[in-house]
Amino acid sequence: MQIMIKVVLFLILAPVLGGLLSGFDRKIGARFQGRQGPPLLQPFYDLHKLFSKQSVVVNGVQDFLVGGFFVFVIFTGCIFFAGGDLLLVFFALTLAEVFLIMSASSANSPYSAMGAQRELVQMMAYEPMMLLAAIGFYIATGSFNVSEIVHTATPVIAVLPGMFFGFLYILTIKLRKSPFDISTSHHAHQEMVKGLTTELSGNVLALVELAGWYEDVLLLGFVGLFIINLEWWSILAAVAVCILCYFLEIFVDNLFPRVKWDKMLGSTWLVTLVAGGINLLVLTLVY
Amino acid sequence: MMKISKSPWLLHYDGSSCNGCDIEVLACLTPVYDVERFGVVNTGNPKHADILLITGGINRQNEAVVKQIYSQMPENKVVVAVGICACDGGIFKECYNILGGVDKVIPVDIYVPGCAARPEAIIDGVVKAIALLDRKRELKKRNAAALHKEA
Amino acid sequence: MIVSLMVFPFIAALILSMLKPGKLRDLFVFASCVLIVVTVTAFSVSALCNGRNQSYLVETQLLDKGMLLAELGLMGLVFYYSFRHKQYYAALLSAAQTLPIAWMELSGRSAEGGSHIVVDDLTVIMCMVVGVVGCLICVYAVGYIREYHKHHPEYKDRSSFFFSMLFVFLGAMFGLVFSSNLTWIYFFWEITSICSFLLIGYNQSEEAIRNSFRALWMNLLGGLGFAVAILYSSMVLDIANIQDLVTLGTGSQTAIIPVILLAFAALTKSAQMPFSRWLLGAMVAPTPTSALLHSATMVKAGVYLLIRLSPALYGNLAGIMVTTIGGFTFFAASLLAISQSDGKKVLAYSTISNLGLITACAGVGLHEAVWAGILLLVFHAVSKSLMFLSVGAVENSTGSRNIEDMHGLIVKLPKLAFVMIVGISGMFLAPFGMLISKWAALKAFVDSKSILLVIFLVFGSASTLFYWGKWLGKLVAVIHRSERLPDKLEKSDWFSIYTLAFLVIALCVSFPLLSTYLVQPFLVQMFHENLAAVISSSDLKTMFLMLCTIVILPVMVRLLTFGKENKIVISYMGGANSGDDRHFTDSFGQETSMYLANWYMEDLFGEKKILRPSLVLASAGLIVLMIVAIGGVI
């Protein structure tokens, strides 16, 4: 029963929160450039408009595959917030991403095909760190289950600083922030138009946006998992850390130019190996 | 009811302009004018755009391109011709390769004259376009309702 | 039944070698396959009902003599081929292992005692894999080989020989999994080596012969290790039987030399680095050969032996050697697969890499790890054979097995594309089989605190994702103005392919049963303790839910898009698109066709770049670890 409530709460609150975060992002970004920027609710206006527009596609399977992406992103979020297995969360998220990549490839369009290949490189870049972070949680708390990880006496970040750093690093990729927003981006005008989502429009594009919000909340939930423990105040601390991390990502987004894919892959794997690997080594020696 | 006009996404196409109007269009995005206040996003992708904003006249080479881009935009859509060249060919009107203004190939909804068109005028045009987007949507709904009634 | 399983394939092979190509032969192949599958099923059911662990044949003087004779015959065969093709080292290797064994047997120094045939749950699992998957491949081969010779008139039609070899192979595999006596295992081991040599060289082209000799010498090298292990365990330890060897080896150092030599032999057979090259070379052979070598037989013999040995590998240097080589192979081979565009080569590297994972699991020697290893073995056999058969079918239909040419297969050959999507999903996506066992392997590696393996696994699985992902992308591309190609497959081919696709999905649902009734009992008997469920039941439920979601996805998507009508337009190419999504108008006003290629990242992951270093690294690691391990005991 409790699980059901959690899932329903996630289903309702996540898009609200994700949309607000996105609006916050655009507002802050504008302020960085000395502009007033759009209203905070702008992402909701965008979403509403997209849903009400005619949907233009290049073939019949595209919206089916995007639907798969949407459903499985939400599915993943539900597993996470219902307290499920972290590894399963990542595997389900991978499945969702593969759906999105397939939809982009199915379009047989130069821009979305390039976006799809780049997205695959991105996945290859962040996957090791995600798995390592999950393993870090397992060694530190003895369980892969979110519901048991939150029942530790001390915040996990105390023993997983390297993992936390590595995770923040790949968070830039996952939130599609510059310098790692190479497959598709919030920012207009780039060499590959809109990459992955070039051939999507109308309500199909709206589904991708909405899934993105769910995903952002899921990822911030993961950040929070590093902090939350038995103490009541840890929840407040987790929220504060999440906001801080999100702000940091916006900051990085506005500060750095985009890099080429090989730089991204190389640097991410290096950070994973050094930060994640050393943390793992120390952890296995201690526990 | 949220209005579609709250989120106008824009596609900027340069026909055969001298780049004067283009500079002014981009000036609208800068801190001084900041059209993102109205939710305007410069998308660069017809499939995401609601407003097609064209600078410069139409020549034989880009005729097909403009038509194609217009056809790839989902309904409802509005076309804004910015600058006198886009409106009717301007000083290039008599050139051997120029067909004339944008309305020679696709229907234009809003004309923004000027050489180069001033950012204020462009913003004015975009705001009018936004209003038109809402009207088009209303019209479509009413038509659909009328059709439904007839049926 | 066991005897019939071991003997019947050989008889069938003998008959097949005499039959001419034609209806009669095809019927005979089908009939033999049906017979084998029926026998395997009957055997498995009876083994499950009557309790496991039966041993047979304690006294086998006469049979042993016969086997010795056959072994000498095999040596003669190797001599014949190596002199004919002037590859004398093969003859040397063969003589170096067969003659000492013969001497040991004839001089009566071989250890006696123990049963020669033992049946336990692992045997049952292997039998089902070999029997069912192997037979499906043979059924497929009937249609395939006919089409193959239509496409390649330059090669001599030796298909009767081909079929008889396939059956010999199956027979040898059955023999191998039933045998418990080391000399017997060795005998069947050699048969598979030589059989694979003959199958790889099937079309007699220069490349085929070169590759077949590479396979031969690598496997004979492994065989040499096996022979030395037998000599040592017989004459020093007085042990003739693998179960006794493992019991002796568990927790003590006395048996480490034969264990390490057997592990070495297994590494060569399952094409672990630095011996990976023979498996890639094997791609020149017709597809059923590759499918058989890669999925159900040959390479699985190696990991089967390692799984048998795994308790003796726990916590010693032999185990470290096996895990390091396995983990490294998993990682390196999956990187190498990224740069390949030939479908069969990608499959080959993926096989090597997955076998590396199974090897690593066996080397860890922990309960969970072996659980994961056995399940990997089963899932891999089914998914990989499905992939091989469908790539072969695509090659016969379109004339190319290059992944680039599979662009838009969903329009050209929808049925095959769909089957391939199932196969690929089976290889790396949740909730399908391979992923479940990878998951268990990851847990086991973490529990055994092997950091190196964990690192290899996380990076390796990320690269695995990349090469499968881009292949999937190629398959689903929908191209305008593209037409369906005629279906050239025969009914028997479709039967095999569909059955395998069904098995991939069915295993995904039913693997908990497999685990409870076969794998767990085997592990309890092997490790003498019970294992808690590796993957909790709530996770299983979630995954089942995922599978259901995929099934009802079309309906859900209809709901999500509110039944809105889509308008279909052409793709965006800066407005310069000329009518369809395959051509655009270039800057000269000319119509130019567009070509979308996948990324291969040759500069980073090309064979030229990383194959040699990884082979050198693996050889150095293998040699050092073997020397240290053996030197430590002496």
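Procedures and definitions
Residues numbered from 1 in each chain as written. Chains lettered and ligands numbered in written order. Predicted model: local features only at pLDDT ≥ 70, side-chain atom pairs only at ≥ 80, totals over all residues. UniProt positions renumbered as here; feature names shortened; annotations may be inferred. Helix = DSSP H or I, 4+ residues; strand = E, 2+ residues; numbered from the N terminus. Rg over C-alpha atoms; globule rule 2.2 N^0.38 Å. Buried ≥ 20, exposed ≤ 12 C-beta atoms within 10 Å, placed from the backbone. Contact = placed C-beta atoms within 7 Å. Nonpolar A, V, L, I, M, F, W, Y, C, P; charged D, E, K, R; others polar. Pairing = 2+ DSSP bridges.

- Chain B is annotated in an unreviewed UniProt entry as NADH-quinone oxidoreductase subunit NuoB of Caproiciproducens faecalis.
- On record in UniProt, under Cofactor (unreviewed entry), the comment for chain B is "[4Fe-4S] cluster".

- Labelled according to an unreviewed UniProt entry, chain A appears under the name NADH-quinone oxidoreductase subunit H, originating from Caproiciproducens faecalis.
- Per UniProt, chain A has the following entry under Subcellular location (unreviewed entry): "Membrane".

1. Digging into the overall build of chain B
Then comes step 1: When helices and strands are counted, chain B shows four helices and seven strands.
Then comes step 2: When its helices and strands are written in sequence order, chain B yields β-α-β-β-β-α-β-α-β-β-α.
Then comes step 3: Expected size for 151 residues packed as a compact globule is a radius of gyration near 15 Å; at 16 Å, chain B falls within 12% of this value.
Then comes step 4: Each principal axis of the C-alpha atoms in chain B carries an extent, and together these give about 50 × 35 × 25 Å.
Then comes step 5: Counting all 151 residues of chain B, 49% fall into the buried class.

2. Observations concerning the interface of chain C and chain A
Then comes step 1: Listed per partner, the contact involves 49 residues of chain C and 56 residues of chain A.
Then comes step 2: When residues in the side of chain C that touches chain A are grouped by element, the largest group, 15 residues, is from helix 20 (residues 451-476) of chain C.
Then comes step 3: Classifying every residue of the side of chain C that touches chain A gives 33 nonpolar, ten polar and six charged.
Then comes step 4: Pairing of strand 1 (residues 55-57) of chain A with strand 3 (residues 566-568) of chain C, which is carried by three bridges, proceeds in the parallel orientation. By the bridge assignment for strand 3 of chain C, Val57(A) is matched with Ile568(C).

3. Brief notes about the UniProt feature "transmembrane region" (unreviewed entry) in chain A
Residues and elements named next belong to chain A.
Then comes step 1: The UniProt record marks residues 69-102, 123-140, 152-171, 233-252 and 264-286 with the feature "transmembrane region" (unreviewed entry), using the residue numbering of this structure.
Then comes step 2: Taken end to end, residues 123-140 is 100% helix and 0% strand, and its first and last C-alpha atoms sit 25 Å apart.
Then comes step 3: Segment residues 233-252 splits into 100% helix and 0% strand. End C-alpha atoms: 29 Å apart.

4. Topic: the UniProt feature "domain: NADH:ubiquinone oxidoreductase-like 20kDa subunit" (unreviewed entry) in chain B
Then comes step 1: Here the UniProt-annotated "domain: NADH:ubiquinone oxidoreductase-like 20kDa subunit" (unreviewed entry) positions come out as residues 18-128 of chain B.
Then comes step 2: The span residues 18-128 of chain B carries 30% helix and 18% strand; its end-to-end C-alpha distance comes to 25 Å.

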